[in-house]
Amino acid sequence: MTRFRFSIRARLTLFIMAFVTIVVGVAVSGVLTLRSVDLKTKEIDQKWLAATATLAEIADRISEYRIAEGYRALAPGPSGREEAEVLANGHRREIQKLQNSYVTLLGDDAQSADLDSFRTAWNAYSTEHDAWVQSDFEGALENAERHNQLLQRLYKSADLAVDRLIATNTSAAHAQVRAVDLLTDRSVTIAIAVSAVSILLAMWLLIRVRTQITYPLEAITQALSKLAAGNRDIRVPELQRADEIGAMAKAFEIFRTNALALEHAHKATRAAQEQVHSLARHDALTGLPNRRVFSAELQAILTGAPRGTVPYWVLLVGLDQFKRINDLQGQPFGDTVLCEIARRLERIVRNSGTVARLGGDEFAIIAKGDVTQQIDLDGARDLARKVLSAIRKPILVGERSVELGASIGIAPCHKDSTDAESLLHAADVAMYRAKRDSRGAFRFFEQSMDDDIRAQESLETDLKRAVAEGAIKPFYQPLVEIRNNRICGFEALARWEHPERGFVPPDLFIPVIEQLGLMTDLTSSVLRQACRDAKYWPEDIRLSVNISPSELKDPLLPSRLLAILAEQGFPAARLDVEIIETALVSDIETAKSILTTLQSAGIKVCLDDFGTGYSSLYHLRELKFDKVKIDRSFVQSMVNNPESEKIVDAILGLTKSLNLPTVAEGIEHLPVLLRLAAKGCEFGQGYYFGKAMTADSARDMLMERTVIQMRITEAQHAA
Ligand code: C2E
Ligand code: CA
Ligand code: CA
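Just so it is clear, the model here is predicted, and its values are computed rather than measured.

Conventions used here
- Residues numbered from 1 in each chain as written.
- Chains lettered and ligands numbered in written order.
- Predicted model: local features only at pLDDT ≥ 70, side-chain atom pairs only at ≥ 80, totals over all residues.
- Heavy atoms only, no water.
- Donors = N, O, S within 2.8 Å, 3.2 Å for Na, K, Ca; no water.
- Helix = DSSP H or I, 4+ residues; strand = E, 2+ residues; numbered from the N terminus.
- Buried < 20%, exposed > 50% of the residue type's maximum accessible area, 1.4 Å probe, protein only.
- Contact = heavy atoms within 4.5 Å.
- Domains from an automatic or database assignment.
- Salt bridge = Lys/Arg side-chain N within 4 Å of Asp/Glu carboxyl O.
- Near = heavy atom within 4 Å.
- Polar contact = N/O pair within 3.5 Å; in protein donor to acceptor, adjacent residues only side chain to side chain.
- Nonpolar A, V, L, I, M, F, W, Y, C, P; charged D, E, K, R; others polar.
- Pairing = 2+ DSSP bridges.
- Axes fitted to C-alpha atoms, helices over the stretch in contact; angles between N-to-C directions.
- Parallel < 35°, antiparallel > 145°, perpendicular 65-115°, else oblique.
- Patch = residues over 30% accessible without salt bridge, like charges linked within 9 Å, V, L, I, M, F, W, Y side chains within 5 Å.
- Areas by Shrake-Rupley, 256 points an atom, 1.4 Å probe, with all protein chains shown as cover.
- Expected span 1.5 Å × (residues − 1).

> Teacher, can you tell me more about the coordination of the calcium ion (ligand 2) here?
Ideal values for angles at a metal depend on the geometry: 109.5 degrees with four tetrahedral donors, 90 or 180 degrees with six octahedral donors. Around the calcium ion (ligand 2), the donor atoms from the protein are Glu491 (OE), Asn546 (OD1), Glu578 (OE) and Asp608 (OD), and they sit 2.2 to 2.4 Å away. Mapped onto the sequence, the donors of the calcium ion (ligand 2) take the spacing E-x54-N-x31-E-x29-D. Distance-wise, the calcium ion (ligand 3) is placed 4.1 Å from the calcium ion (ligand 2), both being coordinated by aspartate 608. Of this pair, glutamate 491 sits in strand β9 (residues 486-498) while asparagine 546 sits in strand β11 (residues 542-547), placing them 55 residues apart in sequence. Residue class for asparagine 546 comes out partly exposed when judged on its relative accessible area of 31%.

> What's the story with the environment of leucine 183 in this structure? I'm lost.
Take leucine 183: it is sitting in helix α4 (residues 144-228). Residues leucine 183 and threonine 33, spaced 150 residues apart in sequence, show a C-alpha to C-alpha distance of 7.7 Å. For leucine 183, the residues in contact, after removing those within four places along its chain, are Thr33, Ser36 and Val37.

> What am I meant to see in the domain arrangement of the chain here?
It is common to give the size of an interface as the accessible area lost on bringing the parts into contact. For the chain, the assigned domains are domain 1 (8-204), domain 2 (282-445) and domain 3 (470-718). Its C-alpha centre places domain 1 at a distance of 134 Å from the equivalent point of domain 2.

> Would you mind showing me how to read the pattern of salt bridges here?
A side chain with one charge may pair with a side chain of the opposite charge, provided their charged atoms come close. Inspection of every chain in the model, using the stated rule, returns 39 salt bridges. The salt bridge partner of arginine 528 is glutamate 567, with a shortest N-O separation of 2.7 Å. With arginine 528 in helix α13 (residues 519-534) and glutamate 567 in helix α14 (residues 557-568), this pair connects stretches of sequence that are 39 residues apart. Owing to a relative accessible area of 47%, glutamate 567 belongs among the partly exposed residues under this scheme. Note that glutamate 645 is salt-bridged to lysine 679, the shortest N-O span being 2.7 Å. In this pair, glutamate 645 sits in helix α18 (residues 642-657) while lysine 679 sits in the loop between α19 (670-678) and β16 (683-685), placing the two residues 34 residues apart along the sequence. Residue glutamate 645 is classed as buried on the basis of its relative accessible area, which comes to 17%.

> Would you explain the site of ligand 1 in this entry?
What surrounds ligand 1 is a group of 23 residues, the closest being Gln477, Ala494, Arg632, Glu668 and Tyr687. Within the backbone of tyrosine 687, an N or O atom sits 2.8 Å from an oxygen atom of ligand 1. Among the elements of the structure, β9, α12 (506-516), α13, β13 (604-610) and α17 (632-637) are those that each provide at least two residues to the shell around ligand 1. Sort the elements by how many residues they give to the shell around ligand 1 and β9 lands first, with four residues. Tallied by class, the residues present in the shell around ligand 1 amount to nine nonpolar, six polar and eight charged.

> Any chance you could explain the pairing of strand β8 (residues 472-481) here in plain terms?
Working note: regular strand, side chains alternate between the two faces of the sheet. Counted residue by residue, β8 has nine buried out of ten residues, so it is predominantly covered. Both β8 and β9 contribute to a ladder of ten bridges, which runs antiparallel. Pairing of phenylalanine 475 across the sheet is with leucine 493, part of β9. Connecting β8 to the next strand, β9, in antiparallel fashion are four residues, including asparagine 485 with a positive phi near 60°. Relative to β16, β8 is paired through three bridges, and the arrangement is antiparallel. Bridged to valine 480 within β16 is glycine 684.

> When you look at the packing of helix α10 (residues 420-437) against helix α11 (residues 447-469) in this model, what are you seeing that I'm missing?
A pair of packed helices is captured by two measures, namely the crossing angle of their axes and the spacing between those axes. The interhelical angle for the contact between α10 and α11, taken along N-to-C directions, is 85°, at an axis separation of 9 Å. Compared by their axis directions, α10 and α11 come out roughly perpendicular. Counted together, His425, Val429, Ala430 and Arg433 of α10 and Met449, Asp450, Asp452, Ile453, Arg454 and Glu457 of α11 form the full contact between these two elements. Here the residues of the contact of α10 with α11 are counted per class, giving four nonpolar, one polar and five charged.

> Looking at this model, I keep getting lost on the pairing of strand β3 (residues 362-368). Mind explaining?
Across the seven residues that make up β3, a large majority, six, are buried. Both strand β1 (residues 312-320) and β3 contribute to a ladder of seven bridges, which runs antiparallel. Of the residues in β3, the one forming a bridge with valine 317 is phenylalanine 363. Where strand β2 (residues 353-359) meets β3, six bridges bridge the pair, whose relative direction is antiparallel. Residue pairing across strands places alanine 356 opposite alanine 364, the latter belonging to β3. In sequence, β2 turns back onto β3 through a hairpin of two residues, with glycine 360 there showing a positive phi of about 50°.

> In this structure, what is going on with the environment of tryptophan 132? I would like to understand it.
Along the chain, tryptophan 132 turns up in helix α3 (residues 112-138). Through-space distance from the C-alpha of tryptophan 132 to that of asparagine 169 is 32 Å; in sequence the pair is 37 residues apart. Sequence-distant contacts of tryptophan 132, that is, excluding residues within four places in its chain, are made with Glu69, Arg72, Ala73, His147 and Leu151.

> Mind showing me how you'd approach the coordination of the calcium ion (ligand 3) here?
Every protein donor of the calcium ion (ligand 3) is listed here as Asp608 (OD), Asp609 (OD), Glu665 (OE) and Glu665 (OE), and their distances to the metal cover 2.1 to 2.6 Å. Mapped onto the sequence, the donors of the calcium ion (ligand 3) take the spacing D-D-x55-E. With a relative accessible area of 7%, glutamate 665 lands in the buried category.

> What exactly am I supposed to notice about a nonpolar patch on the surface here?
Together, Leu12, Ile16, Val20, Val24, Val28 and Leu32 line one region of the surface with nonpolar side chains, adding up to about 490 Å² of accessible area. What makes valine 20 partly exposed here is its relative accessible area of 42%.

> Just checking my understanding: could you explain α3 for this structure?
Since one α-helical turn is 3.6 residues long, residues separated by three or four positions face the same way. In this model, α3 (27 residues) spans 38 Å end to end at C-alpha, consistent with the 39 Å of a helix rising 1.5 Å per residue. Taken together, the buried positions of α3 are occupied by Asp114, Leu115, Phe118, Ala121, Trp122, Tyr125, Ser126, Glu128, His129, Trp132, Val133 and Ser135.

Structure representation (structure tokens):
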């Protein structure tokens, strides 16, 4: 394709100007030709035709002249001759005038040779006429005939000369006409040629316009239509051109790339929106529908199906002890486990129901029962068993394998079910019952369970308030030095007396407080009150407080405890903290650091309930305890159960070898005390010495402590 340096406008202007010039040229030359033809025609008309007419008139006058001569010849008298002569002379003057006007008309073009011969003939004739008139006048009649003959002959030759002149003149006129014809023909030929050239030029222009403007514009328009139709992959044509079409193509190309960028941005936005939407609907980890979607679907089933005919079950699946796996193996491991469980559940339910992850370690299933059954208990049972056995299969994560259990609560969509939330709640209640009764099982929801839950909720509400208000008070159980029966300290045990519930045992409320996450508050409250009470005890009397397992994960525990001691002015050296060994399993490093900090402040650390945990020896080696407390289950039964006594012996052997003082708790009777004394157990605690009592009672007891000491010693001796 030809490249142009000029713009389309310049080129078009040039083309049009050339075209217009040609057309105007043709028109002007046509007009000029016409004008010259017209002039020539006029000339022929005014010069040659007039000349011919003049000659014709001369010929006529000569004839008239001859006739006048005849008149004269035939006239009877002199007056007639005179008259005829006047006539003849008139013709003669006229002929002279006509001759002059002929010469004037033609100028140089006058036919001189023929004109001269006419003039000669005419002069000869008129001279002879004059001679005839003269002779007649003299009366020479005998000469009349001779003159007549001579005049006739001269007249003829003059007439002939005029005719010749006319003929010559006519042919000259013809020559002029032919010249005009030639000019006309040439002009027409030129006009046709110029028109042909113009037409060719116009066609060329048209073709150029089509190839250079129309076709490119069509191509651009087509490309734009495709662009408008959503095809962003097109190539805008004519981009390489340097003119307006090139500029337009470039503008469209920019538009196209912008549209493309915009579309990409739009797609990205849409993808992000979809992702947000999907995130709002799905659990990000497992990709399962989330609680919201599950509830909505359940609600739709409840609303859409006719009452009482919905054979659906809601199964709530809670993984057992998943938290432990997460704590011990790390969160990524836990995530993989959750994903695998999700896949297994999906495989079981397939298209017959919905699986969702409600959060944490809880999954839920909507399952359709057998439509033919009024209540399809068997179907629900089968499904629950399938789920349990699928979850129980070992899960392999990298090199590690883990085995998991689950508890399932099942709630039916029965005819009274109206809202999804209450159904989910029912399944939840049943699941907690399953967990509580025996992990790894399933339970159907029963109304009584719900009552329990409501009772639990009310307990929780009361407990929250009790902790906040400091209504949970420490009671004090004495600790005795077995060697001399001296009261050497008290263990602070939490007591909650509710206005309606009465005394609620700590075994019942401590786990709830733990669950509510209020353990830190309770410990602080109990320690604060205990320090306040113990401040007034004799200086050799120690105070023991219990620290809950959950608190041993909190690195701020030592600073919190020490702050309370400082605030209450109670010396750290008189405080023991008792720790149940299950607390130590999950994060041994944090526990170690907490214990070391407490010990470096002067607090003694006692390992509580020793013998009941499964890694007691490991803990004894890893952590530097100051004391060990043998669990009361062994002590209570050691008199009647030799196995228990063997365990107590073993523990005492171990602690002695480690140089650790030992406390035996649960001493209810004197024989147990005697045996423990014989075995060299350093400290004792139990109903035999006293139950947990109020601060006032503890104070009273301390005042009588020598009496008590003596009474116990006497009883010992007596036994
Ligand atoms: P524990 O720390 O092992 O406390 C000793 C428990 O044994 C107390 O039960 C006490 O009343 C009981 N006991 C003491 N001597 C005898 C006896 O001769 N026979 C029998 N049958 N029982 C005896 P209590 O007060 O019901 O406390 C139960 C558990 O509650 C405690 O076990 C402890 O783990 C927890 N607990 C109590 N108070 C607190 C507290 O303030 N903080 C924390 N973290 N836990 C507490
Ligand atoms: Ca204790
Ligand atoms: Ca204990």
